[in-house]
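# Secondary and tertiary structure notes
The residues making up each chain are set out below.
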Amino acid sequence: RMIVENKHAILSAIFQDLGKHAIEAEVGEVGTTLIEIDELLSQLPAYAKPQQVPSPGLLMPAFSEIRYEPLRSPGCLVISPFNYPINLSLVPVAGSLAAGNPVILKPSEMATNVATLLAKLVPQYFEPSVFAIVEGGIPETTQLLQHPWGLVFFTGSSRVGKIVAAQAAQTLTPVILELGGKSPTYIAKDCPDMRVVADRICWGKTVNGGQTCVAPDYVLCHRDVLDQFVKDAKKSLVRMYGEDAQKSNLTRIINEDSAKRIISGIKEVELGGESKGKMIYGGSKLCDASSRFVAPTIVLGPTLGTQLMKEEIFGPVLPIIPVSSDEEAIEFIAKQQAVMTPLALYVFTRSSCVFEKIAASCPSATLVRNDVIVQFGSPSLPIGGLGTSGYGCYHGKYSIDSFSHKRATIYKPATVAFEYGGVRYAPYDDWGGLKGKMFVMLTKIPKIPVLHSRWIGIALLLILVNAVASTLFPVEMQEMKETAFNLFAKILS
């Protein structure tokens, strides 16, 4: 309700911080957040329902379940970034609340207008004991991390993520880190319609000004289709942002320092000549750091030592690396993975075999065939990092899993009948050693399925009793069986 009733104020605040077009903000921020909340509201009874699980035969009769309960007091801490200041703030908050945890949100101080708006709106819709905002920068974040939490959920850079994890470790607070990295895109020789490929990659690289953690960071393109991709990529950028992108609706970089960092990477290639790469679209002359504008730029063949290939770009600059085979692409990605594990891997190919070969050879947190970024919009998929791109996941059911304590619970009737003669209690040498052997025999009983656990437990119990009695009293048991059989025969006749 807070989002719906204040949508226009939210879109305005996002525009002030990032210059993001209202439609882009409504889809990427408001819309995706509401989809996530709707998913949690509609599926919460199923997601949070105690999960019955099989019980070991050794414990029969026993009934086991996993209960989803809130984490420890005082609740959870969410530290959100600037690039999607609504989505990356409120989606984890929704997961925490749905799992029953109070939550403190520390929004990014870089997206000042959104942070100020949230600080104003949240107290109007939530009790402070349920959901509260703490504004501020490094001092406030440091102070928050000095306290124990049920969970700290951090989205941001790897550098800051290491600091957050180290501070949380002092209070033994578990952490989910949603970080970034250089997400590779491979265009195979047999790629689909090249215009579609170019449109999707250029959109993924420039949406939100390229400030998306799962954006395609660089492209590995098979030489046989390189010229066509370059041609279509240029056309795509012109269709999206016109001949003068500064007059377009391209989202601006969050601040001047970040814009300068990206522009310096472009200039490094320009000043280094073709030995460091070739500028084939855009360039630093079209950029303006003072207005936080970085022009969509394509760089062909930048060397691994350049800033563009060493760091996550986080801007609308697309390096293209020509390769001659699938194996060369795999080798290149593997070298990059030695430094940082990608948050996403994108493969454009018609061949399932090529896709599976790349997937099997190149680990990544998420994997998409023939598109980019779209995995982030699904509440049915776990979104999270791998290696240097973070750990833990969320969205939909996976938010409930991450923000819940899974409490192992067993119910076992306490009656003498289910003590089995006390075989589990010492001493085990009683009955000439038979007591210990019977205890061992219990461990051989298969686990009891959930659906029919009571009936199977009773049946296994009868089988066990029969086996033990037949061993101890063979003559008497045989006579009882014959008597029971004769009685049953008379009833049938």
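The structure this text deals with has already been given above.
Residues numbered from 1 in each chain as written. Predicted model: local features only at pLDDT ≥ 70, side-chain atom pairs only at ≥ 80, totals over all residues. Heavy atoms only, no water.

Taken in spatial order, the 3 strands line up as β1-β2-β18 in an open sheet, and their pairing is antiparallel. Edge positions in the open sheet fall to β1 (51–53) and β18 (404–411), since each of these has one partner strand only. Along the sheet, successive strands turn relative to each other by an average axial angle of 30°, direction set aside. Both β1 and strand β2 (residues 63–70) contribute to a ladder of 3 bridges, which runs antiparallel. Looking across to β2, one finds that Q51 is bridged to I66. (Pairing = 2+ DSSP bridges. Helix = DSSP H or I, 4+ residues; strand = E, 2+ residues; numbered from the N terminus. Axes fitted to C-alpha atoms, helices over the stretch in contact; angles between N-to-C directions.)

Right, let's get into the pattern of salt bridges. If you walk through the whole model with that rule in mind, you get 19 salt bridges. For R1, the salt bridge is made with E5, and the minimal N-O distance between the two is 3.3 Å. Here D199 and R239 are joined by a salt bridge, their closest N and O atoms 2.7 Å apart. A residue pair is termed long-range when its members are at least 10 positions apart, and D199 in helix α8 (residues 194–206) and R239 in helix α9 (residues 223–241) qualify at 40 residues. Among the charged side chains, a salt-bridge network with shared partners connects R195, D199 and R239. (Salt bridge = Lys/Arg side-chain N within 4 Å of Asp/Glu carboxyl O.)

Here we take up the state of the cysteines. Using the criterion set out here, one finds 0 disulfides in the structure. No disulfide involves C202; its nearest neighbouring cysteine sulfur is the one of C221, lying 12 Å away. Look at C202 and you get buried, because its relative accessible area is 2%. Looking at the unpaired C393, the closest cysteine sulfur is the one in C213, lying at 14 Å. (Disulfide = S-S within 2.5 Å. Buried < 20%, exposed > 50% of the residue type's maximum accessible area, 1.4 Å probe, protein only.)

One open sheet holds the 7 strands; their spatial order is β10-β11-β12-β9-β8-β13-β14, and the pairing between them is mixed. Among the strands making up the open sheet, the edge pair consists of β10 (278–281) and β14 (366–369). For this sheet the average axis-to-axis angle between neighbouring strands, irrespective of direction, equals 25°. Judged from the 4 bridges that link them, strand β13 (residues 344–348) and β14 form a sheet pairing that is parallel. If you follow L345 over to β14, its bridge partner there is L367. Against the sheet, helix α10 (residues 256–272) makes contact with β10, β11 (297–300) and β12 (317–323), and its axis sits at roughly 115° relative to β10, the strand it touches most. (Contact = heavy atoms within 4.5 Å.)

One pass over the full model with this rule turns up 4 cavities of 30 Å³ or more. What the largest cavity holds in volume is close to 60 Å³. What lines the largest cavity is simply T32, I35, E36, N87, V91, F376, G377, S378, P379 and H395. The biggest single contributor to the lining of the largest cavity is helix α3 (residues 22–48), with 3 residues. For the lining of the largest cavity, the class distribution of residues is 4 nonpolar, 5 polar and 1 charged. Lining the second largest cavity, in full, are C202, K205, T206, L237, P296, T297, I298, P316, V317 and L318. (1 Å grid on protein atoms, 1.4 Å probe; cavity = no way out; pocket = protein on both sides within 12 Å on 5 of 7 lines; lining within 4 Å. Points joined across faces, edges and corners; volume = space filled by probe spheres on them. Nonpolar A, V, L, I, M, F, W, Y, C, P; charged D, E, K, R; others polar.)

Along the chain, the position of G433 falls in the loop between β18 and α15 (434–442). A sequence separation of 82 residues divides G433 from S351, and the C-alpha atoms of the two residues are 64 Å apart.

Okay, helix α4 (residues 87–98) next. With 12 residues, α4 should cover 16 Å at 1.5 Å per step; its first-to-last C-alpha distance of 16 Å lies within 8% of that length. Within α4, 10 of the 12 residues are buried, which leaves it mostly tucked inside the rest of the structure. For α4, the set of buried residues is N87, L88, S89, L90, V91, P92, V93, A94, G95 and S96. Looking one or two residues past α4, G100 carries a phi angle of roughly 95°, positive in sign. (Expected span 1.5 Å × (residues − 1).)

Right, let's get into the packing of aromatic side chains. Within the structure shown, the criterion is met by 7 aromatic pairs. Measuring from ring centre to ring centre gives 5.8 Å for F153 and F403, while their planes differ by 20°; the resulting arrangement is stacked. Of the two residues, F153 is situated in strand β6 (residues 151–155) and F403 in the loop between α14 (397–402) and β18; the sequence distance between them amounts to 250 residues. Summarising the burial analysis for this pair, F153 and F403 share the class buried. Of the aromatic side chains, those joined through ring pairs into one cluster are F153, Y394 and F403. A cation over a ring is seen here: K397 above Y398, with NZ or CZ 5.8 Å from the ring centre. (Phe/Tyr/Trp six-rings, centres within 6.5 Å; stacked < 30°, edge-to-face > 60°. Lys NZ or Arg CZ within 6 Å of the ring centre and 35° of its normal.)

It is worth spelling out the layout of surface pockets at this point. One number sums up the size of the largest pocket: a volume of about 1,400 Å³. As for the largest pocket, its lining consists of 50 residues, and the residues nearest its centre are G156, S157, S158, R159 and V160. Of all elements in the fold, only α6 (138–145), β6, α7 (158–169) and α10 reach the threshold of two or more residues within the lining of the largest pocket. Counting residues per element, the lining of the largest pocket draws most heavily on α7, which supplies 7 residues. Class assignment for the residues of the lining of the largest pocket results in 24 nonpolar, 17 polar and 9 charged.

Attention shifts here to the pairing of β11. Pairing geometry for β10 and β11, over 3 bridges, is antiparallel. Bridging across to β11, Y281 finds its partner in I298. Pairing of β11 with β12 involves 4 bridges; the strand directions are parallel. Bridge assignment links T297 to a residue of β12, and that residue is V317.

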